[in-house]
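Read off the chains here:
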Amino acid sequence: SRGSFLFFLPWEGYTLVGTTDVKTQPDLHHEVPEDEIQYIINECEKYLSPSLQVRRRDVMSAWYGIRPLAVDPNAKDQSSVSR
């Protein structure tokens, strides 16, 4: 686990699950990396009943958004980044 938040939201008879938070460069034609999809699938196993197995074929869609972060150039580490 990376320490990021995981959420489960019911929507139209399905469940939306997310989210990951990784550093990336802005790109208008970017695809969600397969390892990020697998990360969320693996994290689901930690919180769901063993009888609710999430498989890759259960993932119907994946998308991403870019969230700009304000960084203090004088900070010793990135923990002070505004989220």
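What comes next concerns the included structure. None of these values were measured; they are calculated from a predicted model. Just so you know, the residues in each chain are numbered from 1, in the order the chain's sequence is written. Local features in this predicted model are restricted to residues of pLDDT 70 or higher, and side-chain atom pairs are both shown and tallied only at a pLDDT of 80 or more, whereas totals for entire chains, interfaces and linings draw on every residue. Derived side-chain values reflect all non-hydrogen atoms in the structure, with water molecules and hydrogen atoms excluded from consideration.

1. Points about the overall build of the protein
Where we set the bar: Helix numbers and strand numbers start at the N terminus; a helix is a DSSP run of H or I with at least 4 residues, a strand a run of E with at least 2. Here's how the labels work: a residue is buried when its accessible area is under 20% of the maximum for its type, exposed when over 50%, partly exposed in between, all with a 1.4 Å probe on protein chains only. Contacts are assigned to residue pairs that have any heavy atoms within 4.5 Å of one another.
Check the secondary structure of the protein and you find one helix and two strands. The order of helices and strands in the protein, counted from the N terminus, is β-β-α. Looking at the protein as a whole, 11% of its 83 residues are labelled buried. Long-range contacts, defined here as pairs at least 24 residues apart, represent 39% of the contacts in the protein between residues at least 6 apart.

2. Digging into the pattern of salt bridges
Short version of the rule: By definition, a salt bridge exists where a carboxyl oxygen of Asp or Glu is found within 4 Å of a side-chain nitrogen of Lys or Arg.
What the rule picks out here adds up to three salt bridges. With a closest N to O distance of 2.6 Å, arginine 56 and glutamate 34 form a salt bridge. Pair noted here: arginine 56 is in the segment after α1 (34-47) and glutamate 34 is in helix α1, with a separation of 22 residues, a long-range link.

3. Quick word on the side chain of glutamate 43
What counts is decided by this rule: Polar contacts here mean pairs of N or O atoms no more than 3.5 Å apart (in protein, one a potential hydrogen donor and the other a potential acceptor; neighbouring residues in sequence count only if both atoms are side-chain atoms).
Along the chain, glutamate 43 turns up in helix α1. The class of glutamate 43 is buried, set by a relative accessible area of 6%. Reaching out from glutamate 43, the side chain makes a polar contact with the side chain of lysine 46 at a distance of 2.8 Å.

4. Digging into the pairing of strand β2 (residues 14-18)
Here is the rule we go by: Two strands pair under a simple rule: DSSP has to find at least two bridges between them.
Of the pairings in the sheet, the one linking strand β1 (residues 7-11) to β2 comprises five bridges and is antiparallel in character. Paired with phenylalanine 8 across the strands is valine 17, a residue of β2. Hairpin connection of β1 to β2: two residues between the antiparallel strands, including glutamate 12 at a positive phi of 50 degrees.

5. What about unusual backbone geometry?
In this chain, glycine 18 is followed by threonine 19 through a cis amide linkage whose omega measures 15 degrees. If you trace the backbone, threonine 19 turns up in the loop between β2 and α1. Backbone geometry at glutamate 12 places phi at a positive 50 degrees, although glycine is not the residue there. Residue classification places glutamate 12 among the exposed residues on the basis of a relative accessible area of 64%.

6. Remarks on α1
The cut-off we apply is this: To estimate how far a helix should reach, multiply one less than its number of residues by 1.5 Å.
Along its 14 residues, α1 runs 21 Å from first to last C-alpha, staying within 8% of the 20 Å computed at 1.5 Å per residue. The complete set of buried residues in α1 reads Glu36, Ile37, Tyr39, Ile40, Ile41, Glu43 and Cys44.

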